[in-house]
Amino acid sequence: QVQLVESGGGLVQAGGSLRLSCAASGRRFSNYDANWYRQAPGKQRELVSGITSGGSTNYADSVKGRFTISRDNAKNTAYLQMNSLKPEDTAVYYCNVQLRNNLGFSRVVAWGQGTQVTVSS
């Protein structure tokens, strides 16, 4: 069973930076796609960024050019580097890992508990 633990959230002024970490237990982290989601108060959870097991990345339009996702399989950890933060980035950030089969279908393996990011204006 995979468990995920996020860290790195906090309070930062607009224009500042934070680096979120998502540490996974278990030995199969390299086989998983990893994703970062966020949920602001009163809003639905949205996909922020993802990185496949092969290292391909994708980003929501709202964070392109400001956020960078990466992974270190030796440390079983995915990261989200967030620069030029804006008040509208304020949310609880969650990571998950998914396992994709040979047909391209994915299933969620685990979610983290979330970490709060607050950007003040």
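Along each chain, residue indices are assigned from 1 in the same order as the chain's sequence is written. Only residues with pLDDT of at least 70 get local features here, since the model is predicted, and only at 80 or more are side-chain atom pairs given and counted; chain-wide, interface and lining totals rely on the full set of residues. As a rule here, side-chain values come from all non-hydrogen atoms in the structure, and water together with hydrogens is ignored.

### Things to note about the pattern of salt bridges
- Any Lys or Arg side-chain nitrogen found within 4 Å of a carboxyl oxygen on Asp or Glu counts as a salt bridge. All told, the structure shown has five salt bridges when counted by the stated rule.
- One salt bridge connects Arg100 with Asp33, and the closest N-O pair in it is separated by 2.7 Å. Taken together, the positions of Arg100 in strand S9 (residues 91–100) and Asp33 in strand S4 (residues 33–39) put the pair 67 residues apart, joining distant regions of the chain.
- Looking at Arg100, the relative accessible area reads 39%, which means it is partly exposed.
- The salt bridge involving Lys64 is made with Asp61; its shortest N-O contact spans 3.2 Å. Secondary structure is summarised from DSSP: a helix means a run of H or I of at least four residues, a strand means a run of E of at least two, and numbering begins at the N terminus for each. Partly exposed describes any residue whose relative accessible area lies between the buried limit of under 20% and the exposed limit of over 50%, with all areas from a 1.4 Å probe on protein chains only and scaled to the type maximum.

### Side note on unusual backbone geometry
- Phi at Asn76 is positive, roughly 55°, even though this residue is not glycine.
- Residue class for Asn76 comes out buried when judged on its relative accessible area of 16%.
- One non-glycine residue with positive phi stands out, namely Ser84, at about 50°.
- Tracing the backbone shows Ser84 in the loop between strand S8 (77–82) and S9.
- Judged by its relative accessible area of 39%, Ser84 falls in the partly exposed class.

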